[in-house]
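Residue-level structural notes
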Amino acid sequence: MTSYLEILVFKTNIRFKKEVKMVGNWLNTHPSVLKWNIDLEDKDLVLRVEAMKIRAHEIIQNINL
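All of the points below concern the structure found in this document. No experiment lies behind these values; they were computed from the predicted model shown.

Thresholds, definitions, all that
- Residues numbered from 1 in each chain as written.
- Predicted model: local features only at pLDDT ≥ 70, side-chain atom pairs only at ≥ 80, totals over all residues.
- Heavy atoms only, no water.
- Pairing = 2+ DSSP bridges.
- Helix = DSSP H or I, 4+ residues; strand = E, 2+ residues; numbered from the N terminus.
- Axes fitted to C-alpha atoms, helices over the stretch in contact; angles between N-to-C directions.
- Patch = residues over 30% accessible without salt bridge, like charges linked within 9 Å, V, L, I, M, F, W, Y side chains within 5 Å.
- Areas by Shrake-Rupley, 256 points an atom, 1.4 Å probe, with all protein chains shown as cover.
- Salt bridge = Lys/Arg side-chain N within 4 Å of Asp/Glu carboxyl O.
- Core = buried A, V, L, I, M, F, W, Y, C linked by side-chain atoms within 4.5 Å.
- Buried < 20%, exposed > 50% of the residue type's maximum accessible area, 1.4 Å probe, protein only.

Let us look at the sheet that holds strand β2 (residues 33–38). The three strands lie next to each other as β1-β3-β2, forming an open sheet whose pairing is antiparallel. A single partner strand is all that each edge strand has here, and the edge strands are β1 (5–10) and β2. Across this sheet, the average inter-strand angle for adjacent strands is 10°, counted without regard to direction. Judged from the five bridges that link them, β2 and strand β3 (residues 47–52) form a sheet pairing that is antiparallel.

Structure (structure tokens):
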């Protein structure tokens, strides 16, 4: 079975570095997450996650502030 890299993009309400740090604490420790970033300059405050074998709802549940 082949695993594929998934790129998941979310519109968020994360506006402050303190919130980025809270989200990062979970994303940095999840074994499936390879890279992530939040664009605080974008009007949609986009969270972009590169991961293997992860579902969007798992991310949403765990980073919901």
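Structure's up, so let's keep going.
Now for the pairing of β3. Judged from the six bridges that link them, β1 and β3 form a sheet pairing that is antiparallel. In the sheet register, L5 faces β3, and the bridge partner there is M52.

Right, let's talk about a nonpolar patch on the surface for a bit. Where nonpolar side chains cluster on the molecular surface, the patch consists of L5, I7, V9 and L34 and spans about 380 Å² of accessible area. Of the residues forming the nonpolar patch, the biggest block, three residues, is contributed by β1. Along the polypeptide, L34 turns up in strand β2.

Attention shifts here to the nonpolar core. With 15 residues, the main nonpolar core has L27, L47, V49, I54 and I59 as its most contacted residues. Counting residues per element, the ones that place at least two in this core are β1, α1 (17–29), β2, β3 and α2 (56–63). When residues in this core are grouped by element, the largest group, four residues, is from α1.

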